[in-house]
Amino acid sequence: MTICEFKDKYYLHDSGIEEIKYDYSKKSLIIKVDFCFWAQKWYKEGESSNGLITIKFNNVLCFEYIGNVIDRDLILNDLDNEILDVDIDVNNQLIIGILEMLDYTSSDFYQIKIKAENVEVAELEKQ
(Lines give C-alpha, C1' and ligand atoms only; values in the text may rest on other atoms or scores of the structure.)
Protein backbone atom coordinates (compact mmCIF):
# COMPACT_ATOMS: atom_id res chain seq x y z
CA MET A 1 0.00 0.00 0.00
CA THR A 2 1.06 3.59 -0.41
CA ILE A 3 1.93 5.84 2.51
CA CYS A 4 -1.40 7.65 2.07
CA GLU A 5 -3.32 4.36 2.16
CA PHE A 6 -1.37 3.34 5.26
CA LYS A 7 -2.23 6.58 7.06
CA ASP A 8 -5.92 6.19 6.17
CA LYS A 9 -6.11 2.56 7.34
CA TYR A 10 -3.98 2.60 10.53
CA TYR A 11 -4.54 4.99 13.43
CA LEU A 12 -1.31 5.07 15.46
CA HIS A 13 -2.18 7.56 18.25
CA ASP A 14 -1.43 6.04 21.70
CA SER A 15 0.60 3.20 20.15
CA GLY A 16 4.30 3.00 21.00
CA ILE A 17 7.39 2.31 18.91
CA GLU A 18 9.40 -0.54 20.38
CA GLU A 19 12.11 -0.94 17.77
CA ILE A 20 13.43 0.69 14.60
CA LYS A 21 15.65 -1.16 12.10
CA TYR A 22 16.90 0.70 9.05
CA ASP A 23 18.94 -1.05 6.36
CA TYR A 24 20.39 1.79 4.34
CA SER A 25 21.76 -0.33 1.47
CA LYS A 26 18.47 -2.23 1.02
CA LYS A 27 16.41 0.96 1.50
CA SER A 28 14.29 -0.93 4.05
CA LEU A 29 12.86 0.44 7.30
CA ILE A 30 11.06 -1.80 9.81
CA ILE A 31 9.28 -0.32 12.81
CA LYS A 32 7.93 -2.63 15.52
CA VAL A 33 4.91 -1.08 17.21
CA ASP A 34 3.00 -1.88 20.41
CA PHE A 35 -0.24 -1.30 18.54
CA CYS A 36 -3.67 -0.19 19.77
CA PHE A 37 -6.04 -2.46 17.86
CA TRP A 38 -8.91 -0.99 19.90
CA ALA A 39 -8.41 2.43 18.23
CA GLN A 40 -8.93 1.14 14.68
CA LYS A 41 -12.10 1.73 12.64
CA TRP A 42 -12.12 -1.98 11.80
CA TYR A 43 -11.75 -3.19 15.42
CA LYS A 44 -14.50 -5.55 16.62
CA GLU A 45 -15.59 -5.76 20.25
CA GLY A 46 -14.22 -8.88 21.91
CA GLU A 47 -11.00 -9.01 19.88
CA SER A 48 -7.63 -8.43 21.54
CA SER A 49 -7.24 -4.73 22.22
CA ASN A 50 -3.44 -4.44 21.91
CA GLY A 51 -0.59 -6.30 20.28
CA LEU A 52 2.55 -6.08 18.21
CA ILE A 53 2.78 -5.23 14.52
CA THR A 54 5.64 -4.46 12.18
CA ILE A 55 5.45 -1.69 9.63
CA LYS A 56 7.88 -2.23 6.76
CA PHE A 57 8.68 0.63 4.44
CA ASN A 58 10.15 -0.51 1.11
CA ASN A 59 12.37 1.50 -1.22
CA VAL A 60 12.88 4.23 1.36
CA LEU A 61 13.78 7.47 -0.40
CA CYS A 62 14.29 9.49 2.80
CA PHE A 63 14.33 8.66 6.52
CA GLU A 64 14.73 11.39 9.15
CA TYR A 65 14.98 10.68 12.86
CA ILE A 66 14.95 13.56 15.34
CA GLY A 67 15.80 16.07 12.61
CA ASN A 68 18.68 14.07 11.12
CA VAL A 69 18.64 12.44 7.69
CA ILE A 70 19.81 8.88 8.30
CA ASP A 71 22.34 7.71 5.72
CA ARG A 72 23.61 4.55 7.44
CA ASP A 73 22.24 1.40 9.05
CA LEU A 74 20.43 2.07 12.32
CA ILE A 75 18.95 -0.13 15.05
CA LEU A 76 17.12 1.37 18.03
CA ASN A 77 15.32 -0.71 20.64
CA ASP A 78 14.00 -0.53 24.20
CA LEU A 79 12.27 2.71 23.29
CA ASP A 80 9.79 4.26 25.74
CA ASN A 81 7.51 6.50 23.73
CA GLU A 82 4.00 7.22 22.57
CA ILE A 83 2.86 8.17 19.10
CA LEU A 84 0.91 11.42 19.31
CA ASP A 85 0.00 12.01 15.68
CA VAL A 86 0.65 10.99 12.10
CA ASP A 87 0.43 13.25 9.07
CA ILE A 88 1.59 13.48 5.49
CA ASP A 89 3.39 16.57 4.24
CA VAL A 90 3.35 18.18 0.78
CA ASN A 91 6.25 15.92 -0.28
CA ASN A 92 4.24 12.76 0.55
CA GLN A 93 6.42 12.06 3.57
CA LEU A 94 4.84 10.33 6.52
CA ILE A 95 5.46 12.37 9.65
CA ILE A 96 5.12 10.58 13.00
CA GLY A 97 5.03 12.79 16.09
CA ILE A 98 6.55 11.04 19.11
CA LEU A 99 6.49 11.79 22.84
CA GLU A 100 9.54 10.16 24.47
CA MET A 101 9.52 9.56 28.22
CA LEU A 102 12.96 10.60 29.49
CA ASP A 103 12.22 9.86 33.14
CA TYR A 104 9.28 10.22 35.50
CA THR A 105 9.40 14.01 35.41
CA SER A 106 10.38 14.94 31.87
CA SER A 107 9.68 14.09 28.25
CA ASP A 108 10.72 15.16 24.77
CA PHE A 109 8.82 15.58 21.51
CA TYR A 110 10.34 14.72 18.15
CA GLN A 111 9.38 13.57 14.66
CA ILE A 112 10.21 10.69 12.39
CA LYS A 113 9.84 11.43 8.67
CA ILE A 114 9.64 8.68 6.06
CA LYS A 115 9.32 8.82 2.30
CA ALA A 116 8.98 5.36 0.77
CA GLU A 117 7.56 3.67 -2.29
CA ASN A 118 5.24 1.34 -0.33
CA VAL A 119 4.32 0.02 3.09
CA GLU A 120 3.54 -3.45 4.43
CA VAL A 121 2.01 -4.23 7.82
CA ALA A 122 2.32 -7.60 9.56
CA GLU A 123 0.60 -8.63 12.77
CA LEU A 124 3.01 -10.32 15.20
CA GLU A 125 0.80 -11.00 18.21
CA LYS A 126 -2.34 -9.87 19.95
CA GLN A 127 -2.62 -9.50 23.71
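Structural data are supplied above this passage.
Everything numeric in this text was worked out from a predicted model, so none of it was measured.

Definitions and cut-offs
- Residues numbered from 1 in each chain as written.
- Predicted model: local features only at pLDDT ≥ 70, side-chain atom pairs only at ≥ 80, totals over all residues.
- Heavy atoms only, no water.
- Core = buried A, V, L, I, M, F, W, Y, C linked by side-chain atoms within 4.5 Å.
- Buried < 20%, exposed > 50% of the residue type's maximum accessible area, 1.4 Å probe, protein only.
- Helix = DSSP H or I, 4+ residues; strand = E, 2+ residues; numbered from the N terminus.
- Contact = heavy atoms within 4.5 Å.
- Salt bridge = Lys/Arg side-chain N within 4 Å of Asp/Glu carboxyl O.
- Lys, Arg positive; Asp, Glu negative; His and termini not counted.
- Disulfide = S-S within 2.5 Å.

Student: Help me understand the nonpolar core in this model?
Tutor: One broad trend across soluble globular proteins is that nonpolar side chains are buried collectively. Grouped together as the largest cluster of nonpolar side chains are 31 residues, with contacts concentrated most on Ile20, Leu29, Phe57, Phe63, Ile112 and Ile114. At the level of elements, helix H1 (3–9), strand S1 (16–23), strand S2 (28–36), strand S3 (50–65), strand S6 (81–88), strand S7 (94–101) and strand S8 (107–126) are the ones that each hand at least two residues to this core. With six residues, the single largest contributor to this core is S3. Here Ile114 is in contact with Ile3, Leu29, Ile31, Phe57, Cys62, Phe63, Asn92, Gln93, Leu94 and Ile96, once residues within four sequence places are set aside.

Student: Teacher, can you tell me more about the pattern of salt bridges here?
Tutor: Side-chain pairs of opposite charge can arise whenever the charged atoms involved come near each other. Across all of its chains, the model carries one salt bridge by this definition. Linking Lys21 and Glu19 is a salt bridge whose minimum nitrogen-to-oxygen distance equals 3.9 Å.

Student: Honestly, the side chain of Glu64 in this entry has me stumped. Any pointers?
Tutor: With respect to the secondary-structure elements, Glu64 resides in strand S3. Look at Glu64: it is buried, it has no salt bridge, and the nearest opposite charge is Lys113 at 4.3 Å. Residues in contact with Glu64, not counting those within four places in the same chain, are Val69, Gln93, Gln111, Ile112 and Lys113.

Student: Looking at this model, I keep getting lost on the state of the cysteines. Mind explaining?
Tutor: Formally, a disulfide is one covalent bond, and it connects the sulfur atom of one cysteine to the sulfur atom of another. By the definition in use, this model includes zero disulfides. Sulfur of Cys62: no disulfide; nearest cysteine sulfur belongs to Cys4 and is 16 Å away.

Student: Please explain the environment of Ile75 as it appears in this structure.
Tutor: Relative to the elements of secondary structure, Ile75 occurs in strand S5 (residues 74–77). Along the primary structure Ile75 and Ile30 are separated by 45 residues, whereas in three dimensions their C-alpha atoms are 9.6 Å apart. In this structure, Ile75 is in contact with Ile20 and Lys21, ignoring residues within four places of it in sequence.

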